[in-house]
Structures are given as structure tokens and as C-alpha cells.
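Spelled out from the first residue to the last, the chains are:
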Amino acid sequence: MLIQGTYLALHRLNIEDTDHDTQPAGSLELVHEQPVFGTIKDIKSLAFRFEDEEDKGKGKAKDGDKRAVRSDVPHLGYLPKDASPTVLVVTSDSGLLSFVTFHGHKDGLGESGYFHILKEVEIAEPGLDYAEVGAQLAIDPSRIRAAEPYQIGRPSQNTQISEIDINGTILGMEFLSPDSTDEDDNAILAVLFHNKETSAYHIATFCIDLKTILTGPMSIKVGTSQLGTNPLGSVLHIKALPNFPCSLVYIDEEKITLVTVENSSPLSTKGRTTHMHHTSLSLLKRELEGDDNIPGGSTYPLISACDTPPQSPFPTNAQALYLGSDTGELYRVNINNAPYTMNFEMVSGERPVGKVMQVVARQQFAAMSQDRDDDDDDDMDPPEEIVLNTDFLLYAGEQGDGGLLAIKEEETHIDLFAITHLQNCAPTLDFCMREPSMPGRDTLYVCTGMRNQGAIQKIRSGISVESSGSSGNQFFAGATGLWGIKTQAAEEFDTFLVVSFIQSTKVMQSGEDGLEDVSGSCGLDLNVATLAAGRLSNGMLFQVHRSGVVVANPSTGIRYEMSSNEAIFTLAHWVKDSTLILAQNIGGVSSLLLVEFKGSSAQIEDQASTEFQVLARKTLSAEPTTFHCWQEMHSGSDSISYYCSIGTLEPSVLVFHILGNTIHDVYSESLASTEESPDQHVVAEFRLKSGEAVYSLTEWKIPRSGKSDAVYICVGTGQFSPTGSELSAAAPKTGRLVVLSIKQSKKQDRRNRKFELDLRWAMAMSAPVFAISPFMDMKLLISSGPMLKLLALDLEKKTLVERAAYRERWPIFQISTQGSMICTGSRRESISFYEYRVMQNSDPHVEKIVFLKSAPSARMVSDCLAVSPEFAVGADLSGGVFGVGYSKDDPNCQHSLVDRFSFHVGEVAHKIRLAKTWPAEERSLSGISLSQQADENGGVFNMSQGTHATTATSLVSLSFSSSSQLGGVSASCLWIVHPWASSDILAAAPSFKKKALTIEDTTTTAMAIDHVPFTTTSTHPELLSQQQPRPLPSTQALVASTVTGGLIGFWRLDPDIFQILHTLQESLQKNDDCRPVLGNQHSRYRSLSSPAHATVDGDLLARFLALSHGQQIGAVERPVGLTRLVDEWIESRGLSRGLAEFSCSSKHDYEQQDKLQQRPVHGFLAVVPKTKVEDVCRSVHVIVFILKYLQKLDWHQ
């Protein structure tokens, strides 16, 4: 279970069952991702065991709760018998202790499920104060709690809460392993706390009598001890040792100390509990690299996380302890209790670990000890059997990626293997959009991570894949490669499937009855592993393996073979016609081989290598690891160029041009940093002053007549005080605006850089420059503290001059413009609107920045974007997103800006951008898709694009785990819908070109829409349908990035759709099956940063798709008027004829209708008469396809 922002992500760990001599292997698979509508403070897993079925008194639910008896789905107060015995215990900002379980099921399309609440216990007031109860959890793993198979208790039942007063701040809690000699059923809890009065750290132990847990006091304090650590240091962690009874270690800034609790249960022994502090183990110091200003040295690593493997089922005197630091160190410490000693077994680097590190699984192998002398006699005792373990360790970085490691024990050493990668895009500091070349090819470039984990990542919209079936493990278990091959290039589907295994190959042919094994007649070599397979232009199949190349005719079985006794082929790729490019290794030297097949599919010849001709050879400097070939068509001609790119083990990237019978070098670059050039990928640099930091950075383009635009880089800095004192270094005092240009370098430095940054202009400012924005032609807007300044480029003097200024009360951190309108954001005054004016009646002309309006509510704005001259979108540091604007005709906007929409996201969105759009003829959006329904004449109904207004927006939150939290993200796609806008910005309405759409199945979503301006309308949803004439829909999207690594997108929707979804949301808010798993009220959570206004939450609406059909009917039937809204929308879209005789399409749906109507079912595909139930089912059908369509929108739709 991984916590990613405001999402719960359930992953499955797949570990291959191997022996100890084989390298460990496994994978991490995302099973389910779900929003929690809250902030998780701590989460632990708790194991249950069910009582025996013979216990009749506990095995049945109460008579009044019939739902629990016949339901197989967990819900509040109920856990089914066949449910998972593992329950999540969560504390959050709701102030509740929540017990959550996952209920999943498998079908023909894969696995799905959902998290459900089992029990809630109120422990604190709602909020995020980490000093209150709920900041940390401790679970006793040694005792499995017993639960009733049906009823686990209502929230007010079977709950015993005992408070313990501790004079200090609790830093950690752990349950200790019980003593096997202790006959009492007691649990020992160790608590690490800091006493503020004495500035000392203490460990206190509490004995909990489990026999009287519901009738008497829960715990009794039985011991305490002060930790003898460095007074200036801090104790960071406390960790129980599962293999040692009543033992723990605590970790401070310099060492690890072992503590044992003697006489831990004095309740019956009348003894006194004591804490024995044993010998400590000092941490290994890490070397610091110095520079010209800071000398080098060494320091102790700051341990950020620790964990132990699960308790061993065998008696042992050893305990493994893993430690990780945020600077990249990973340690394994071996602890022995006879006698008490500790030593480092493994030290690894370059893996920064945050607060997340856990041993998720352990494999144990029995092996024979090899610790024998060669001189031993043969009649000695046989070698001793020992147990060797392989631990699978999952870790995540705070500001970078993580991964799954396998730590394998050998008899004399420890081996470490990287199993899989765990993507973490947090924090996303900035991003930009790339104009897509065609629909569905939208791309974002995102700056993620920090320090040595920083990266620029390319994010693309994922393509959903639906499984149509599975062969299981019977035929393809252990496959190492797959190649689909067409018999003809023009065919739509593949005919052959070549499957490679470790030492063999299998060929399957697609037919009417599925895949048929044709390995014996295809002509390929079946006794070797295949490196590459495909089809040549003459229709013959080719196969490349480590010792040769095979070309065969699949219909006749005729084959040609090229083999080599010296070369070992490692990679291969088809280039063109009958030409292949191969990578071979001879005596450790790698090279490329361009080979052409000269044979014919009609010839009947003996196997001969003369049918293959080597066209060219190219020696490589490193061993290639990956291949990719492509072709490019030259504009204005029919000529085609062929290219090949290679990644090598060094690592490096090589690009070659295949021209005729030659291979030419095009590009090469080494990706490995060396001590001589650690920053070799930096092409140019500009050194700032000492104590100067960058606060803003932007690009400035200046048009030039007859030439391309001049491009400059504008940098805003802040200068810290040079005194070096703590107070003076807390905030910058002054700043500079630095304007740089990029030009080719005329001098060669030791790094051989081809470019350099040239200083064009620099202006000293009285305050830091927090924001820069290009404005109109050859102008810049900057913020110098609270001053908003307009700078212009004087072409005659070739200098920057100040033309206008306006002073606010607080520093300005964001600037955005739309035409002559200027939008600013600050940490105190929210968003303000200004207007740039030129006084024409003066000589010379006077330029002014005129204040217009500001928002009445204070928000700590993290970013803002001017969407139109009268509307702007902003995000605040409290996790909210909002839109403000005004209208000259609206009496509510006379004195200040008005909130057009607002909602709480739960993550800080600190960058907002406007996505680019395609031309009208390349758009792929037209409306909402519906499944095909037959009309009276047996045809299908079409849906044409109407002229309805689009004034609502949807928000998509992407979490990249796997998925893109960028992630992927892995990423699931959820959204929020809300209307926004002003009234008088309506552009001229171009006529719509109606395009009919025929939907062939329920998964088709390809549509088309004309490009229209970005327009807005009234802010009142109840008045949207009355607007005449209606504005045109917008085709532009807003995209925002969050600190936790997520991406958020905004789209506008039809107001009629908004009304439908808003009514549905009100119904789901009252539905127990859709309640947030952390116990927060949905309306309260979405209003934490500011009152939720004119919003529809897609995270909540997505839950509607996971409900059963019967639950969906109840959710749609409950609100008054929802079916009427759907019917009106169907009528307005001209879809009433296609849905005139609607019937549910599944047997389950008909059974649900029969249950509601109290009449027998007559046939599986019977048409239900038009009744109230039919109307509700039709509305459910329409809403489901609306939601599915919204989930599939990409950035440019």
C-alpha cells in the first residue's frame, strides 16, 4: 500500500519462485488507486482471524441488519467471511481512527475493487495539527486480533479508549515482541518522547493486559529511562526487534543503541521493569565534497527510515536491521543477542531514501554450509544445513524516485539486486506544453525531483488497453520476447506470433479458433532464443538468434541461414526491404553489420550463406544494449533517409545514417558523468554573485524585422545579506533583473562548451525580483518586492528603462497578463487586476498601471493565470483552486472581484498553464458518446454536434506511480467539473459544421468538433440554460502541476451536463457506498481552503461507475428531477428516437428491474415496457457514458 498525495494506491508484489542459486526477480503491479478526500497522518496494517463457524452466537448478524446477512461487500460495521484478513488502520485530518479494507473481484477483463470503511473511532478534533492525537500509530504484530465473521461492531460499540499522559512530545511508538516464557497475555508498548523541560529523550514502556482490555484499564506504565545520547543530538527513530523478545534499538544522529526491557510484565511477578542499554554502534561517516568557498570534511548521515524483516519462524540469535538516509546511503546491520553485538553487513550508495522504507517480503532457502577445510577427512559429519534469506525492500525518495530491491544472503557476503523502479515525480517544479503533431499526441515536459534526483520527464497521455482474453500460463510461461508479424504490410491484424523463451522459440498463427501452434512448419530455428523476428518486404519471415540469421517461407518451410562460428549476435532490427542491421560481438569488440538477403521465396536451394550479403561494417566503442531504426521523408521530394540509434552500456547514445551500402556517424554523446566533467551536459552557464539566489526565470522574445525573433532569458534574483548571521540570511534584502542571450562560444574552455550566456542587461532592484512576465511588444513586467514595474526596451539607447510602476502593500509573487489586463498574486491580498493605459493627450505619452479590482478574501496565492481580460484562475498554498472575475453589467462586481468557482484539491497546485489547441479540422472532440441502439428500422442513431454552450470545466488529477503520480502517473484519471465565466467576452460565433457520428460499440470515443474561441458566460448554474444566445464551447484546457507530483487539467462542459452531474453529486454525497474512506464529509473537505462554489467533484462521480447496477439505479432514482434533466438533455440532442425503446443489456440489469417491479423475468434480451424503472435505467445508461467519456479526455480536448 502506497500513499501518493491524496490517493491510496494498492500494489501487488509478484515474486518469481526461484531457487537460491538464481538471481531474485519480481515486479510491482498497480491494482487499484482511489482518492481518500483527506490527508493521511499515519497508516498501518492489522491482521484479523475469524472465529470458528461453530460459534453460533458470534457468527450471525442481528436480525435488524438483513443487509449484512446477504451482502458480500464490506461496509460500515460489517466484514464478510471471505474478505481479506488484513485491515488498514488510518489516522487523518478527519480526527477519526478509520479501519479500511479492500474488496476486489476478478472478471474476464481483469481485476477491480474498492476500499471500504469498516469502523470509525473518534479520537481527536478534525484538523492537521500533528501535536494532537493521531499523528502516529503502533500496531501489535505478534497477536492477531479475533473478529466476528459478520459483525465487527458499530462505531459506538466494543471500543475502549485509554489516554496516557506523557510529559513531552511523542516521537515514536513500537510494540515489542512478547517473551515466550510469559504466560500472561500482555502486550508491551515502547514510547520514545522528548521532554521539553529537561531537553532530554526518554523511552517509556507500558504493559497492556489484553484479558481485561474491554473491562478495565488498558495500560500501566511499568518503566522509563533517559537516553544517554549527545545533548546536542536528536534521537530520530525507535524500532522493535521481532526476533528478540522485549528488545528495541533507537537511532540518533551518530549511533545505534540496543535496549532490552527486563521483567517486562511486573503485573504478576512483583518485580521491577528495567531498561538495559547495551553497547552502541557508530554510524559510518560520509565524505563531503568541498569547493572554493566551503572546505571538505566528513559527517554522519541523517537516517530517514529504518525497518526489520518479519519475525523468523525458526529460532535464531540474529536480527537484520535496514537503515536508509536521504543522502543515498543504505545500510544493513546485523544484531546478535548472544552476546549483544552489532556490525555492518552491507553498505550501498546512490539510493536516497525518504520516510518510506519497508521489507515487504522475505524468501527463505535451506542450504548446506560450505565452511569446511580442504584437509577435513571424508568420514567427518556431513555439512550443516543453514537458512539463507532474500529480503525484498521497497523504498521511496522524498524528492526523487524509489524502487524495489532484493537483498540476498550468501554464506560469506550480502548481494544487492535492483528489481523494479518506483516512480516519484514529486515535486513538479515547472512544466511546459508541446504543440501536438496530431490528436492524441499531446506532450508535457515536466521538471521533477530535486538535487541529484532532479530530472526533465516527458509525459504523454496513456492509451487505455482492454483485455479481450487470456491464455493463462499454460503456453507462454517464461516467455522472454514477443513479435507480431503480418503476412502483408497492408493487413490490419497480425498473422503470426513469434514467442521466444530462454532456450527455445515457438511460432503461433492466428485463426478463427484462436492461436494455433505452427512451429514445426514455419522454417524458423526452434531450439534457440530469438533476438528479433519480423517480415521482409518479399513476405518471408526472418529470425535473428545469437549465432545466426534465418529467413524462411512460412507457407513452404523453405529456409536460408547465415551463421558464424566466431561472432555472437546481440541485437537486430529491420531497416528496409530485405535489409537488416545486426549488432555482433567478436572477442569483446562490438560492431554493426548491415546485411541484405538476396534469396527469393520461390527458390528451392540448399541452405547457404551466399544468399546473404554484408553491405557495411561499423566498429563501436561500447557494447550496444538497445536498438531503434526509423525513416524520414524529405519535404518536397520522395526520397527517404534511414537512421539507426543505439544505446550502449557505457552509457552513451549513438545515431547513424544508413545511406546506400554505408553507415555514417551522425551524433554521439556520453551520458556518464566523470570526475573531470561532472556537469558535462551543461552547454552554457552564467555565474551569479556570492549570496545571490534565483527566484524567477522566463523567456522573452523580441520581434525583429526580416529576421527571426531575438530570444532572451530573464532572471530575477534576490541578494542575501553578506553578514552571514542567521537573521540576516533568513530573507533576501535586494535583487537584480538579469537579461541573458545565448550565443556560440568563441573561446574554448576546459569543458569544450559550444555555447555561452552573454549578459545583455542587468538592473539592480531595492527588493528581490519574485516574478517576471513579458508584456506586449518589447516590454517586461516585474515585481520588486511589493512594486509592480513596467520596463521597456529603448532601441536607440539599447537599454531597459522604467515606464510605469504601482506599489502594493505586500510582495507580489505572480504576474500574468491578457491583452492590456495585468493579474498579480500575493501571499496576503490574493489576486488583483490592473490595466495598462497610455495617456494620449500628453506629450510625450504617459504610460500608467491603473488598479481595477482585487479579491475580497485573503488567499496565499501560489500561482495565477489570466484567462481573459475579466477572468483569472488561481491556486493557493492551502490546496485550493479558484477562479475570480468581474462583469461590467453585474451589480455584485462593482467594487471587487467575485469568486466564479472555488474548491479544495488537497494538493498545492503551484504552476498553471494554458494548453495549446489543434486546428479545427484536426480536433477529436464532438460530444458525449452513447452505445449503439437499434431503431425501428434496424438502423443506428447518430449524434450530431449541436450549438449548445460549454461553460463548465472538468479537472483531471493524474497520480504517477507507475501510472503518471506522472506520472504515471500509472495513472488513473479523475476530474472535477465546475462552471466559470464572465458575460460580455463573447466572441463572434462561427457556424458549426455538423458532423454525424456513428458509435459502433461501448468503447468508441472518437469524435470531432470545430475550434471556437475561449468564451465565458453567467456564473449561476441555474441560469445557464436560459442564456440566449449561448456562447460557443472552449477548446482550450488549463493544466496545473502539484507539489506532490500530480497534474491537473481543466475542461469546459455543457451547462446541461453540469446540471445532471451536480444533481448526481448531491445524491452520492448521501450514499453510504460512496462515502470517503477517511471519514471526512465530502462537502467539508472540498471547502477546507475556501467554500466550495459551483463545483462537481469527478473523484466522487467516478465512484458511480464502480457501483453495481442496482446501486446506480438507487443513486439516480433518489434525487428529484434527475431523470427529467437527462430526458431533457436527450431531447435537446436529438437522441430520443434512438432511445425510444431502451432496454438494459445485461442479465443482472434485468434481474434488478424484475426485483424493483416485482414481476418475473421473461427472457434475457426481453424489451422492458416503458415504466419508471425503465426511465431510471435509461438515465443510468446515459450518465455512465457521459462519465466514461469525460475520463478519457486528454489535455487538448
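Because the structure is a prediction, the values reported are computed rather than measured. (Residues numbered from 1 in each chain as written. Predicted model: local features only at pLDDT ≥ 70, side-chain atom pairs only at ≥ 80, totals over all residues. Heavy atoms only, no water.)

Here's the deal with the packing of aromatic side chains
Tallying each qualifying case throughout the model produces 17 aromatic pairs. Relative to Y886, the ring of F833 has its centre 6.1 Å away and its plane inclined at 65°; by these criteria the two rings are edge-to-face. Of this pair, F833 sits in strand 56 (residues 831-839) while Y886 sits in the loop between strand 60 (880-885) and strand 61 (898-904), and the two are 53 residues apart along the sequence. On the basis of relative accessible area, F833 is assigned to the buried category, the value being 0%. A relative accessible area of 11% means that Y886 is categorised as buried. Connected via pairs of aromatic rings, a cluster forms that spans Y560, F597 and F612. (Phe/Tyr/Trp six-rings, centres within 6.5 Å; stacked < 30°, edge-to-face > 60°. Helix = DSSP H or I, 4+ residues; strand = E, 2+ residues; numbered from the N terminus. Buried < 20%, exposed > 50% of the residue type's maximum accessible area, 1.4 Å probe, protein only.)

Some remarks on the packing of helix 4 (residues 1055-1069) against helix 8 (residues 1122-1132)
At a closest axis distance of 10 Å, the pairing of helix 4 and helix 8 adopts a crossing angle of 160°. With respect to helix 8, the element helix 4 is oriented roughly antiparallel. Judged by the sense of rotation from one axis to the other, the crossing of helix 4 with helix 8 is left-handed. Where helix 4 abuts helix 8, its residues D1056, I1057, Q1059, I1060, T1063 and L1064 lie against L1122, L1125, V1126 and W1129. (Axes fitted to C-alpha atoms, helices over the stretch in contact; angles between N-to-C directions. Parallel < 35°, antiparallel > 145°, perpendicular 65-115°, else oblique. Left-handed = near helix turned anticlockwise from the far one by under 90°. Contact = heavy atoms within 4.5 Å.)

Here we look at helix 6 (residues 1098-1106)
In terms of burial, helix 6 is largely enclosed, as seven of its nine residues are buried. Among the residues making up helix 6, those that are buried are G1098, D1099, L1100, L1101, A1102, R1103 and F1104.

Focus on the sheet that holds strand 53 (residues 799-807)
In space, the four strands of this open sheet follow the order 50-51-52-53, with antiparallel pairing throughout. The sheet is open, and its two borders are formed by strand 50 (769-775) and strand 53, each paired with just one other strand. Between one strand and the next, the sheet's axes are offset by a mean angle of 25°, whatever the strand orientation. Bridge count for strand 50 against strand 51 (residues 779-784) is six bridges, and the pairing is antiparallel. What sits directly across from S773, in strand 51, is L781. (Pairing = 2+ DSSP bridges.)

A closer look at the pairing of strand 14 (residues 247-252)
On a regular strand, each side chain points to the face opposite its neighbour's, so the side chains alternate between the two faces of the sheet. Burial runs high along strand 14: six of the six residues are buried. A two-sided burial pattern is seen for strand 14, the buried positions comprising S247, V249 and I251 on one face and L248, Y250 and D252 on the other. Once strand 13 (residues 235-240) ends, the chain turns through six residues before running back antiparallel as strand 14, passing C246 with a positive phi of about 50°. Relative to strand 15 (residues 255-262), strand 14 runs antiparallel, the two sharing five bridges. Its bridge partner lying in strand 15, Y250 is registered against T257. The loop that links strand 14 with its antiparallel partner strand 15 comprises two residues.

Regarding the environment of S1041
Relative to the elements of secondary structure, S1041 occurs in strand 66 (residues 1038-1042). Overall, the relative accessible area of 0% leaves S1041 in the buried class. With residues up to four places along the chain from it excluded, the contact list for S1041 reads T428, F431, V908, A909, H910, K911, G1046 and L1047.

Focus: the packing of helix 4 against helix 6
Look at helix 4 against helix 6: their axes get within 10 Å of each other, and the N-to-C directions meet at 75°. Comparing their axes, helix 6 and helix 4 come out roughly perpendicular. Residues L1061, L1064, Q1065, L1068 and Q1069 of helix 4 touch helix 6, and the partners they reach there are L1100, L1101 and F1104. A breakdown of the residues in the contact of helix 4 with helix 6 according to their chemical character gives six nonpolar, two polar and no charged. (Nonpolar A, V, L, I, M, F, W, Y, C, P; charged D, E, K, R; others polar.)

Quick word on a negative patch on the surface
On the surface, E512, D513, E516 and D517 cluster together into a patch of negative charge. Within the element layout of this structure, E512 appears in the loop between strand 32 (505-511) and strand 33 (514-517). (Patch = residues over 30% accessible without salt bridge, like charges linked within 9 Å, V, L, I, M, F, W, Y side chains within 5 Å. Areas by Shrake-Rupley, 256 points an atom, 1.4 Å probe, with all protein chains shown as cover. Salt bridge = Lys/Arg side-chain N within 4 Å of Asp/Glu carboxyl O. Lys, Arg positive; Asp, Glu negative; His and termini not counted. Charge placed at Lys NZ, Arg CZ, Asp CG, Glu CD.)

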